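# Residue-level structure breakdown
Each chain is listed here by its residues.
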Amino acid sequence: MCGILVINDKKGALNDDHFTNLLGEITHRGPDEQNFVKNGSLYLGHVRLSIIDVANGHQPFKKNDKVLLFNGEIYNYKSIKKELQDNGIIFETDSDTEVVLEAFKYFGDTFIEKLDGMYAFVIYDQKNNELTISRDFFGIKPLYMYEDNNFMVLSSEMHPINKVIKDLKYSNLIKLNDYLLNDSCDSLYVGQDIIRRGFLYKYDVKNGMLRIAKYKEEKEKSLNKYYYDNDLLNLLEEEIDQQLIADEGIGVGIFLSGGIDSSIITAIASKIRPKINTYSIVFDDDVTEEYYSRIVAKKFSTNHTEYKFNEDTLIEYIPTMINAMDLPIYDPAILPFMYLCDKVSKNNKVALSGDGGDELFSGYTTLRINKYKKLFRLISKLSNHLGTISNKFKNINSIIDNNLSSNRFEDIYKNDFDVLDERLLRKTDISSMHYGLEVRVPFLSKRIYNYASDFHPESFINLKYGKMPLRRIAKKLIGNDIAFKKKQGFRIPIKKWVTQSELSDVIEEDLHDLVVPKMLISNEKVKKMLKRKNIYFSEIFKLYILNLWIKKHFK
């Protein structure tokens, strides 16, 4: 995994030292090597985390009249390379980087359809003075763009953009409000946006024109109702085998939460790499799944390590999180995850994660409630009539009333997928790349996506469980304890920390110095929230993070 920085210096305001300093803003993404090339007004910079063909995969990668900046991994690069070799292409390295460039030269813009992996890239065509820009279909790897009269900037993170532009201004307050309402925002400033996932852009360096050259539409869901567990298991085995690839001596581990997805990855990976390293977070409070992660680690004889995360660690890592966060994002799990990435990166450059299983295979409870909402309503009415309605059905009724009453199943499923790109994968990238750790996500491969897309997402759900294809595989590989356990997720005791601990005082003191625009929230409302922390603990913590972020990045 790596970092990209491209600047079209339209008026000659930069020099090499200045650009080197800007590239230094993302060296944590690529601590092994930093280089750049300059062509006229165009700076092309790259920082490298060396994993495949460590000796030869240097970047920027130049061949003939093309220059490539590549961030990510292409898991099927060997098969693409063979196809190109069969057509007479000669390779100088064993890296997936060269495969990307040669595939572009041979197949043209359609080459992105062949790539199975996570990536963001920029290819400079010196002859035509044109950039080709793209991100992977799932949006696993970020790439931001900024343009004004002086500069055009492409960057893996916003930090260099924040430095090069002296007078960044909010494009409007709606974007900050997006954070308060939806937990994230991917653009905040006038002239700034994110390269959309799955799209391929062309940028004319001379004229400053950006256009969309190609995009891949999401595959339509079919009406098939029956799926075959062995087909999916075979795909997962092949994907995980590919995603364990790294040069000899490069440490590869697994984030093992004890949930279904990470447990399946561990079960398969341990057959390919016996004694593989697995890692878990545990809390002082009984809110984690360490019981289940220990079952899996023991069953497959992994080299398992647990790291305890408590309030002291939380307070210690908040400044690190604010520094790493290039745009506001809210997910309390980012703090223990950053801590875990910090620890894991000491002995590994690569870690596998279970992200994506819930989104592809209908794992969230809201989808199950939506599918059976008429039945749940009926049971609730009968129970209410008999005077026996439970709190569980009261909660279900509340979810239906507030979120699902008029929403189609397909719309909720798509929204879960969008949240994956907008928040969950951003959280993973921010947390892991701050420590130079590459996180791979086997469920988010084209082949797994295409498999899931062959079935209506409702077919993955029964009355009691979601994600049935993965549960059946977990039963086969691990057992019922994991396969049919209650969904728990990665929870932290945030309510206790915000209401009953040292952090509570820290937050209250900080929010007395509120810098969040008052058009979004008034001091009076903040005071009311602080008086009712037991109710507004999540909103308070979210506001606290935003307040710290604005203080840090808008001094």
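Below is a summary of the structure that appears in this document. (Residues numbered from 1 in each chain as written. Predicted model: local features only at pLDDT ≥ 70, side-chain atom pairs only at ≥ 80, totals over all residues. Heavy atoms only, no water.)

### Quick look at the overall build of the protein
Heads up, the rule is: Helix numbering and strand numbering both begin at the N terminus, where a helix is a DSSP run of H or I of at least 4 residues and a strand a DSSP run of E of at least 2. Residue contacts are counted whenever heavy atoms from the two residues lie within 4.5 Å of one another. For the accessible areas, the method is Shrake-Rupley and the probe is 1.4 Å, while residue cover comes only from the protein chains on display.
Looking only at helices and strands, the protein features 22 helices and 17 strands. Sequence-distant contacts in the protein: of pairs separated by 6 or more residues, those separated by 24 or more amount to 74%. Taken as a whole, the protein presents about 23,900 Å² of accessible surface, with 47% of it coming from carbon and sulfur.

### Details of the sheet that holds strand β13 (residues 252-255)
Keep this limit in mind: For two strands to be treated as a pair, DSSP must find at least two bridges joining them. Comment: axis = line fitted to C-alpha atoms, over the contacting stretch for helices; angle = value between 0 and 180 degrees taken between N-to-C directions.
The five strands are arranged β15-β14-β13-β16-β17 in an open sheet whose pairing can be described as parallel. The open sheet has two edge strands with one neighbour each: β15 (303-309) and β17 (438-440). In this sheet, adjacent strand axes meet at a mean angle of 30° when their direction is disregarded.

### Structural notes on helix α22 (residues 533-553)
What sets the pattern is the α-helix's 3.6 residues per turn: residues three or four places apart point alike. Heads up, the condition is: Note on bend: the value at a residue is the angle between axes fitted to the seven residues ending there and to the seven starting there. Here's how the labels work: a residue is buried when its accessible area is under 20% of the maximum for its type, exposed when over 50%, partly exposed in between, all with a 1.4 Å probe on protein chains only.
Its axis deflected by about 40° at Glu539, α22 carries its strongest bend there. Within the span of α22, buried status applies to Lys533, Ile540, Phe541, Lys542, Leu543, Tyr544, Ile545, Leu546, Asn547, Leu548, Trp549 and Ile550.

### Digging into the nonpolar core
What counts, and what does not: Buried residues of nine kinds, namely Ala, Val, Leu, Ile, Met, Phe, Trp, Tyr and Cys, make up a nonpolar core once their side-chain atoms join them within 4.5 Å.
Ranked by internal contacts, the top residues of the largest apolar core, which has 75 residues, are Ile7, Phe255, Leu335 and Phe541. The element best represented in this core is α22, accounting for nine residues. When neighbours within four sequence positions are excluded, Phe255 is seen to be in contact with Ser262, Tyr279, Phe337, Leu340, Cys341, Val344, Ala351, Leu352, Ser353, Leu437 and Val439. Grouped together as the second largest cluster of nonpolar side chains are 74 residues, Ile80, Phe111, Tyr119 and Ile264 included.

### Structural notes on the packing of helix α9 (residues 311-324) against α22
Two numbers describe a pair of packed helices, the interaxial angle and the distance between the axes. Rule in force here: To sort the angles, those under 35 degrees are grouped as roughly parallel, those over 145 as roughly antiparallel, those from 65 to 115 as roughly perpendicular, and the leftovers as oblique. Left-handed describes a crossing whose near helix is turned anticlockwise from the far helix by less than a right angle; the clockwise case is right-handed. For this classification, the nonpolar set comprises Ala, Val, Leu, Ile, Met, Phe, Trp, Tyr, Cys and Pro, the charged set comprises Asp, Glu, Lys and Arg, and every other residue, Gly included, is treated as polar.
Following both chains from N to C, one finds α9 and α22 inclined at 60°, their axes separated by 9 Å at the closest point. Taken as axis vectors, α9 and α22 run oblique relative to one another. Every pair of crossing elements has a handedness; the one defined by α9 and α22 is right-handed. Facing Ile318, Met321, Ile322 and Asn323 of α9, the residues of α22 in contact are Tyr544, Ile545, Leu548, Trp549, Lys552 and His553. Class assignment of the residues belonging to the contact of α9 with α22 gives a composition of seven nonpolar, two polar and one charged.

### Considering a nonpolar patch on the surface
Stated precisely, the cut-off is as follows: Residues form patches when they are more than 30% accessible in relative terms and have no salt bridge. Like charges link within 9 Å. Nonpolar side chains (Val, Leu, Ile, Met, Phe, Trp, Tyr) link within 5 Å. Whenever a carboxyl oxygen of Asp or Glu lies within 4 Å of a side-chain nitrogen of Lys or Arg, that contact is scored as a salt bridge.
A cluster of nonpolar residues, Leu375, Leu378 and Leu463, forms a patch on the protein surface that exposes about 250 Å² of accessible area. Topologically, Leu378 is positioned in helix α13 (residues 373-386). On the basis of relative accessibility, which here comes to 48%, the residue Leu378 falls in the partly exposed class.

### A word on the sheet that holds strand β3 (residues 42-48)
The antiparallel open sheet is built from six strands, whose spatial order is β2-β3-β1-β9-β8-β10. Edge positions in the sheet fall to β2 (33-39) and β10 (192-194), since each of these pairs with one other strand and no more. Looking at each pair of strands side by side, their axes are set apart by 10° on average, direction ignored. Sheet topology note: the β2/β3 ladder contains seven bridges and is antiparallel. What sits directly across from Val37, in β3, is Leu44. Sheet contacts for helix α1 (residues 16-23): β1 (2-9), β2 and β3; angle to β3, the most-contacted strand, approximately 35°.

### Quick word on unusual backbone geometry
In this model, Gln59 is joined to Pro60 through a cis peptide bond whose omega is 0°. Here Pro60 lies in the loop between β3 and β4 (61-63). Phi is positive for Asn64, which is not a glycine, with a value near 60°. If you trace the backbone, Asn64 turns up in the loop between β4 and β5 (66-74). The phi dihedral of Ser362 is positive, around 55°, even though this residue is not glycine. Take Ser362: its relative accessible area is 0%, and that puts it in the buried class.

### Here we look at the packing of aromatic side chains
As a reminder, the rule being used: By convention, a stacked pair of Phe, Tyr or Trp rings (six-membered ring in the case of Trp) has centres within 6.5 Å and planes under 30 degrees apart, an edge-to-face pair has planes over 60 apart, and any other such pair is tilted. Only Lys NZ and Arg CZ are tested; either one counts as a charge over a ring when it is within 6 Å of the ring centre and within 35 degrees of the ring normal.
What the rule picks out here adds up to 28 aromatic pairs. Aromatic side chains Tyr307 and Tyr339 sit 6.4 Å apart centroid to centroid with 80° between the ring planes, which places their arrangement in the edge-to-face category. Of this pair, Tyr307 sits in strand β15 while Tyr339 sits in helix α10 (residues 334-344), placing them 32 residues apart in sequence. Judged by relative accessible area, which is 10%, Tyr339 ranks as buried. Lying across the ring of Tyr292, Lys485 places its NZ or CZ 4.8 Å from the centre.

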